[in-house]
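Read off the chains here:
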Amino acid sequence: MILEVENIVTRFRKQTVHDGVSFVVEKPSVIALIGGSGTGKSVLLREILGLLRPTSGKISLFGQDIKTLSEDELNAIRARYGVLFQDGALFSALTVEENIRVPFEEHMMLSPEVVSSLIELRLALAGLAPETKQKMPSELSGGMRKRVALARSLALEPELLFLDEPTSGLDPINARSFDHLIRTLCDSLGLTVFLITHDLDTLHGITDRVIALADGKVLIDGPPREVERFNHPWIKSYFSSRAAT
Amino acid sequence: MAESASCDWWYIKRSPAGGTLYPRGAWQLRNITQILRFAKEPLTTSHNPLKIDGSELSALDTAGAMLMFELAAGGKGIEGAEPNLVCALELNGFRENHAHIASLVKERWCAHEPSKPVRGYSQVEKIGQETFAIAKGMQDLVAFIGETLVALFSLIFKPKRFRVREFFVQLEAVCVDAIPIVCLVTALIGVVIAYLFAMQLVKYGANIFVVDGVVLAMARELSPIIVAITLAGRSGSAFTAQIGTMKINQEIDAMQTSGLSPMQVLVLPRIAALIVALPILTFVGDIVGSLGGLFVSKWYVGIGASAFFDRVQANFPYKSFYLGLLKAPVFAAFIAVIGCQMGLAVENNARSVGLNTTSTVVQSIVWIIILDALFAVLFANAGYY
């Protein structure tokens, strides 16, 4: 069991965001979470990452209920997954190299030479030239920032990767190459990728499974082709949004 | 040779055509340190790369694959393998999922050039860069002062452009809200300075001069300086942080594209508010600081309130008092201009806001001291004391 979300209810004051969201991720695959604005996709992600507590319900990562874990146990779990935030969330005071070094220093006891070799490998895996190492995040373009963030999230050989809108803010060429990269990594490293996206090309191109949120519940959960045919006004307008232009 | 190249983690089979490396066990990130312990010397002495047979691997990740290639391509431990040797490695017998990882790492590795070592800057170059940075900062400041004056002159012809509402919002923030902290600081300074005077003057029986000393010191130097430094830390830094964050948020760009001038909307009201606020707060500081002096003279020197005020009235240092109030708006202009300029100079990252805010406070305080010294020399030479 990689990820289990069981009957999540989230309320902010009187506003109900989730009203019983449940799904299970069992085997390595690429799963996309979709939904209109304000359906609580990001909130759900923050809850899975342990940054926010749901009002009720249970979230298990790698078979462990995250609510019952101590801070140390939670950090051990955190070493097993990587997160790519929407704008990369690189530490702006650190160079690219130092950014990728952070997880190694927090979780691993390795010699500095080994870590620098690993950093170069991570950069190469994310499709970046080694010269990028010395740059500051502010000197990078949006696409490169995302790649560096991906390199950082891959640092500790995660089994599970969370991506928050991986292709937003990228031009179509960069977006497709980022998709391709994610799919390659997923296939060859046996990663499970859980992503939030609005990008139909990502959905059709690389996902195995789509979970659609609406009205605080899971509307439908299945392969993209199946979800596309589902009869619901939001799903229909969502999947036809490109045809209309 | 063949015997020495065998351990818990791998063994090597040699043949006339070359050798084959058989890694075994779990070659994963968490085992890297252990594996490296056995890799004290290169596995190959010649430039003949080994073949790798992965049939005995139980687990493999990208870090493990990297280490495996390094060792097989003649690297010592984790460094020194030549990329072309890695590319020439032959991989056999890997399980399907391991083969994926191994070929991905190999492919990416061969695709990129090894990084060139970057030469650091020498001390001389660093001094040069710093000098240019300081010169650029000065140039920007002068340019900004010019822009501010242009904006100010345009107000003369179109006075309606002045943002009265924004001005009062700022005035409340920098003046009214600052009164408590200014009172606290100047009162304590008044107490300290009176105490210092009293300790000396009591020796000569010249107790009444404590009053003169405190009022003079507060009015001429201490109140203007202390209040200006407090506001540099309180309002100058706030200007930089506010404007800088707005810049990162692209609010300044949005303002310009909607036809609003950041100069008129953000900069001028702030400068005007601070120029109005600082003399007022200095005046408050004069009074509160003198009251701090009264506290000491009553309890330590035995001069009561009525004697204190009589003496103040009889011997009030008008010139120094006016001079103190004259200095305040000049200090204020410098603090506000530096604060706004540094805010607009913020680059597009969070670190820059912090750096510029610090720089605003440091620059403002240095300028306050420099200006104060200039005033002191200027007015003393002009016989104004």
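Here the structure is a predicted model, which is why all the values come from computation and not from measurement. (Residues numbered from 1 in each chain as written. Chains lettered and ligands numbered in written order. Predicted model: local features only at pLDDT ≥ 70, side-chain atom pairs only at ≥ 80, totals over all residues. Heavy atoms only, no water.)

Peer 1: So, the overall build of chain A: which residues are in play, and what are the values?
Peer 2: Each helix and strand counted, chain A has nine helices and ten strands in total. Within the span of chain A, comprising 245 residues, buried residues form 54% of the whole. Contacts in chain A between residues at least 24 apart in sequence constitute 65% of all its contacts with a sequence separation of at least 6. (Helix = DSSP H or I, 4+ residues; strand = E, 2+ residues; numbered from the N terminus. Buried < 20%, exposed > 50% of the residue type's maximum accessible area, 1.4 Å probe, protein only. Contact = heavy atoms within 4.5 Å.)

Peer 1: Describe the interface of chain A and chain B, naming the residues involved and giving the relevant values.
Peer 2: Contacts between chain A and chain B engage 31 residues on the former and 26 residues on the latter. Together, L121(A), E157(A) and S188(A) form the three largest contributors to the area buried by chain A at its contact with chain B, with a combined 21%. Viewed at the interface, chain B and chain A are joined by four residue pairs in polar contact (both at pLDDT 80 or more). The biggest single contributor to the side of chain A that touches chain B is helix α4 (residues 112-125) of chain A, with nine residues. Classifying every residue of the side of chain A that touches chain B gives 17 nonpolar, seven polar and seven charged. (Buried area = accessible area lost by both parts, 1.4 Å probe. Polar contact = N/O pair within 3.5 Å; in protein donor to acceptor, adjacent residues only side chain to side chain. Nonpolar A, V, L, I, M, F, W, Y, C, P; charged D, E, K, R; others polar.)

Peer 1: Quick one: what's the story with the sheet that holds strand β1 (residues 3-12) of chain A, residue by residue and with numbers?
Peer 2: Adjacent strands of a sheet pair through backbone hydrogen bonds, lying either parallel or antiparallel. Residues and elements named next belong to chain A. With antiparallel pairing, the four strands of this open sheet are ordered in space as β2-β1-β4-β5. Strands at the two margins of the open sheet, each flanked by one partner only, are β2 (15-25) and β5 (64-65). The pairing of β1 with strand β4 (residues 56-61) spans five bridges and is classified as antiparallel. Bridging across to β4, L3 finds its partner in L61. (Pairing = 2+ DSSP bridges.)

Peer 1: Any details on the layout of surface pockets? Residues and values, ideally.
Peer 2: Residues and elements named next belong to chain B. Of the pockets and cavities examined, the largest pocket occupies roughly 940 Å³. Around the largest pocket, the lining comprises 21 residues; the ones closest to its centre are Q129, E130, A133, I134 and K136. Going through the elements one at a time, α5 (123-157), α12 (318-344) and α13 (350-381) are the ones with two or more residues in the lining of the largest pocket. Element by element, the count of residues in the lining of the largest pocket is highest for α5, at nine residues. Here the residues of the lining of the largest pocket are counted per class, giving eleven nonpolar, seven polar and three charged. Approximately 630 Å³ is the volume found for the second largest pocket. (1 Å grid on protein atoms, 1.4 Å probe; cavity = no way out; pocket = protein on both sides within 12 Å on 5 of 7 lines; lining within 4 Å. Points joined across faces, edges and corners; volume = space filled by probe spheres on them.)

Peer 1: So, the packing of aromatic side chains: which residues are in play, and what are the values?
Peer 2: Residue and element names in this part refer to chain B. For the structure on display, the rule yields 17 aromatic pairs over all chains. On the basis of an interplanar angle of 55° and a centroid distance of 5.7 Å, the ring pair of F162 and F167 is categorised as tilted. Taking relative accessible area as the criterion, F162 reaches 22% and is therefore assigned partly exposed. For F167, a relative accessible area of 10% puts it in the buried group. Taking 6.5 Å as the distance between ring centres and 75° as the angle between the ring planes, the aromatic pair formed by F331 and F375 counts as edge-to-face. With a gap of 44 residues between them, F331 in helix α12 and F375 in helix α13 connect regions that are remote in the sequence. Taken together through their ring pairs, the aromatic side chains of F283, F316, Y318, F321 and Y322 make up a single cluster. One Lys or Arg, K298, reaches over the ring of W299 and ends 5.6 Å from the middle of that ring. The ring of F209 has R311 sitting right over it, with the charged end atom 5.3 Å from the ring centre. (Phe/Tyr/Trp six-rings, centres within 6.5 Å; stacked < 30°, edge-to-face > 60°. Lys NZ or Arg CZ within 6 Å of the ring centre and 35° of its normal.)

Peer 1: An account of the nonpolar core is requested, with residue identities and associated values reported.
Peer 2: Membership of the largest hydrophobic core comes to 81 residues, with the highest contact counts inside it found for F104(A), V193(A), W10(B), W27(B), L60(B), M68(B) and F69(B). Not counting the four nearest positions on each side in its chain, F69(B) is found in contact with I52(B), V86(B), L89(B), L91(B), A102(B), V105(B), K106(B) and W109(B). Membership of the second largest hydrophobic core comes to 44 residues, among which are C175(B), V182(B), L268(B) and A277(B). (Core = buried A, V, L, I, M, F, W, Y, C linked by side-chain atoms within 4.5 Å.)

Peer 1: Can you explain a nonpolar patch on the surface? Please cite residues and give values.
Peer 2: All names here are of chain B. A cluster of nonpolar side chains, contributed by I145, L149, L152, F153, I156 and F157, occupies part of the molecular surface with about 650 Å² of accessible area. If you trace the backbone, F157 turns up in helix α5. Exposure remark for F157: the relative accessible area of 72% places this residue in the exposed category. (Patch = residues over 30% accessible without salt bridge, like charges linked within 9 Å, V, L, I, M, F, W, Y side chains within 5 Å. Areas by Shrake-Rupley, 256 points an atom, 1.4 Å probe, with all protein chains shown as cover. Salt bridge = Lys/Arg side-chain N within 4 Å of Asp/Glu carboxyl O.)

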